[in-house]
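Architecture at a glance
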Amino acid sequence: MRKFINIFLICFVLVFFTAFPCVKLFAEDQTGGAAPVKSMQEKKSEAQLYEMQKRLDAMEAEMRKVKEESEIRDSLKMSDEEKSKEGEEILDAAGGDYTLRRPGRLGLEYSFAYKVNTYDALAAAGVIEHTSTHEMTHSANIEYPLRPYLTVAMDVPFIYEFDNADKTSTTDDAKKDVSDLGDVAFSMQLQPFKASDDSISPIISASLVTPTGRSPYKIDPNRELSTGSGTYAGNVGLNISKAMDPLVAFGGVSYTHTIPSTGLNFKPGGTDGEQFRHIYKVEPGDSFGLNMGLGYSLSYKVSLSLSMQYSYKLDTNYHWKTGDGDQVVTSVQTAEASPFATMLIGTSWRLTQKRSMQLTFGVGLLNNDPDLVFKVRLPFEIEL
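**So, the overall build of the chain**
When you go through the chain residue by residue, the secondary structure sums to three helices and 17 strands. In the chain, the share of contacts with a sequence separation of at least 24, taken over all contacts with a separation of at least 6, comes to 59%. By element, 61% of the accessible surface of the chain is carried by carbon and sulfur atoms, the whole surface being about 24900 Å².

Laid out in structure tokens, this is it:
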């Protein structure tokens, strides 16, 4: 019996140690045997997902940067309204005849203009006088839009003028000056077609100048100066402009008709020996005008324009009467036609969002033109 038990124990031990590795291996196959293979796949997948996430993060950062740059460009880019405003300021610096006032806004403007003209005149045998004439004009202008396409305006100038002659004598005639109202002008502007960036913007203008200033035919020219033309004048013109980013081209033509001044008793000489000789009628010549130029925006606040104005005035006829009573003789003296040309440089400075200042410098190109022209304009708008 003991022998049988020993043999059983030996067999049990052999079977146990033989079967245990197989059971362990089977258990590993059923539970954790595949764990190392699955962990490697997960690690590989996690590495791929991490790489893809990095790429997505980089793409998102790049898109965010592009979006920020686009927003900055959009903020710096001018809107259509700002472009229109910029074009108006460029044209205003060129003269103000190329834009219309917007409805619902009353336009007020103060301007100051200074002109100087110098010349030499033969006063007597061997005596040449150097004369300089200075004119300073303060003007108040008001513009009111009746319709989006129609604007009316009135301009009231006040003129101070003096001349400085280097005369050999010390009489009071050596210097003359005057302060008085100038010729008041009424005008209108009509825009027949709606303006657009792709087309030419035409504006038809018409004005009437009234002889409210001191007439040159009702003064003593040896002692006094005039502040007006002494006659009514009507003007019609066509001005066009075209935006060609970043430039603005503009130009125009005009015609001025002057009504003759009659019933005069003007004695240019002013001497007793010529008391029976005077001018009783003046027929100023009509004139034709041409202007053209370019404007450019230097920055958001500064613009520059360069233009030229040319006009040609026809003959002026002076009708004389000589004698008294039945011994009156009439005659006509003609002043020949003459051209005028001025080169102008205009600049516009935006002082604030709603305030700007326009400066214009001009140089006469011909003998009949002023030597120097300087003008400052301060426009304002009032919401109605």
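Once you've had a look at it, read on.
**Focus: a negative patch on the surface**
On the surface, Glu 62, Glu 68, Glu 69 and Glu 71 cluster together into a negatively charged patch. As for its position among the elements, Glu 62 is in helix α2 (residues 35–76).

**Overview of the nonpolar core**
Residues Tyr 217, Leu 264, Phe 266, Ile 279, Val 282 and Trp 320 constitute the largest nonpolar core, which totals six residues. Those elements that place two or more of their residues in this core are β9 (261–266) and β10 (277–283). Excluding anything up to four places from it in sequence, Ile 279 contacts Leu 264, Asn 265, Phe 266, Pro 268, Tyr 318, His 319 and Trp 320.

**Quick notes on the pattern of salt bridges**
Scanning all chains against the criterion turns up nine salt bridges. For Arg 55, the salt bridge goes to Glu 51, with nearest N and O atoms at 3.9 Å. Residue Arg 55 and its partner Glu 51 are located together in helix α2, separated by four residues, close to a single helical turn. Residue Glu 60 pairs with Arg 64 through a salt bridge whose shortest N-O separation is 3.3 Å. Taken together, the residues Glu 60 and Arg 64, both in helix α2 and four residues apart, mark about one turn of the helix. For Glu 60, a relative accessible area of 44% corresponds to the partly exposed category. Salt bridges sharing partners connect three or more residues here, namely Arg 105, Glu 381 and Glu 383.

**Things to note about the confidence of the model for the chain**
Mean pLDDT over the chain works out to 80, with 74% of the residues at or above the 70 mark. At the level of individual helices and strands, the chain shows its lowest average pLDDT in helix α1 (residues 2–30), which scores 54, and its highest in strand β5 (residues 185–190), which scores 94. Between residues 23–28, whose pLDDT stays under 50, and residues either more than four places distant or in other chains, the model counts three contacts. Between residues 168–172, whose pLDDT stays under 50, and residues either more than four places distant or in other chains, the model counts one contact.

**Description of the side chain of Ser 226**
You can see Ser 226 is positioned in the loop between β6 (201–209) and β7 (233–244). Discounting chain neighbours no more than four positions away, the residues touching Ser 226 are Glu 161, Val 178, Arg 214, Ser 215, Pro 216 and Ile 219.

**Considering the sheet that holds strand β13 (residues 316–322)**
An order of β9-β10-β13-β14 is seen for the four strands of this open sheet, with the pairing classed as antiparallel. With partners counted over all chains shown, the strands left at the sheet margins are β9 and β14 (329–335), one partner each. Pairs of neighbouring strands in the sheet enclose a mean axial angle of 25°, with direction left out of account. Taken together, the seven bridges between β13 and β14 define a ladder with antiparallel strand orientation. The partner of Thr 322 across the bridge, within β14, is Val 329.

**A word on the packing of aromatic side chains**
Throughout the structure, instances matching the rule amount to four aromatic pairs. On the numbers, 5.1 Å between centres and 40° between planes, the contact of Phe 361 with Phe 374 is tilted. Placement of Phe 361 in strand β16 (residues 356–364) and of Phe 374 in strand β17 (residues 372–383) is noted, with a sequence separation of 13 residues between them. Given the relative accessible area of 40%, Phe 361 is considered partly exposed. Against the face of Tyr 280 rests Lys 321, its NZ or CZ located 4.7 Å from the ring centre.

**What to know about the pairing of β7**
Regular strands have side chains that alternate between both faces of the sheet. Here β6 runs beside β7; their pairing, made up of nine bridges, is antiparallel. Residue pairing for β7: Ser 205 is matched across the bridge by Gly 237. Here β7 runs beside strand β8 (residues 247–258); their pairing, made up of twelve bridges, is antiparallel. Bridge assignment links Ala 243 to a residue of β8, and that residue is Val 248.

**Description of the environment of Thr 118**
Relative to the helices and strands, Thr 118 is located in strand β1 (residues 105–124). Side-chain polar atoms of Thr 118 contact the side chain of Asp 371, separated by 2.5 Å.

**Side note on the environment of Ser 311**
Along the chain, Ser 311 turns up in strand β12 (residues 302–313). Given the relative accessible area of 24%, Ser 311 is considered partly exposed. Expressed as a C-alpha distance, the spacing of Ser 311 and Asn 291, which sit 20 residues apart in the sequence, is 8.5 Å. Other than its neighbours up to four places away in sequence, Ser 311 contacts Phe 288, Gly 289, Ser 338, Pro 339 and Phe 340.

Cut-offs and rules
- Residues numbered from 1 in each chain as written.
- Predicted model: local features only at pLDDT ≥ 70, side-chain atom pairs only at ≥ 80, totals over all residues.
- Heavy atoms only, no water.
- Helix = DSSP H or I, 4+ residues; strand = E, 2+ residues; numbered from the N terminus.
- Contact = heavy atoms within 4.5 Å.
- Areas by Shrake-Rupley, 256 points an atom, 1.4 Å probe, with all protein chains shown as cover.
- Patch = residues over 30% accessible without salt bridge, like charges linked within 9 Å, V, L, I, M, F, W, Y side chains within 5 Å.
- Salt bridge = Lys/Arg side-chain N within 4 Å of Asp/Glu carboxyl O.
- Lys, Arg positive; Asp, Glu negative; His and termini not counted.
- Charge placed at Lys NZ, Arg CZ, Asp CG, Glu CD.
- Core = buried A, V, L, I, M, F, W, Y, C linked by side-chain atoms within 4.5 Å.
- Buried < 20%, exposed > 50% of the residue type's maximum accessible area, 1.4 Å probe, protein only.
- pLDDT = per-residue confidence, 0-100.
- Pairing = 2+ DSSP bridges.
- Axes fitted to C-alpha atoms, helices over the stretch in contact; angles between N-to-C directions.
- Phe/Tyr/Trp six-rings, centres within 6.5 Å; stacked < 30°, edge-to-face > 60°.
- Lys NZ or Arg CZ within 6 Å of the ring centre and 35° of its normal.
- Polar contact = N/O pair within 3.5 Å; in protein donor to acceptor, adjacent residues only side chain to side chain.

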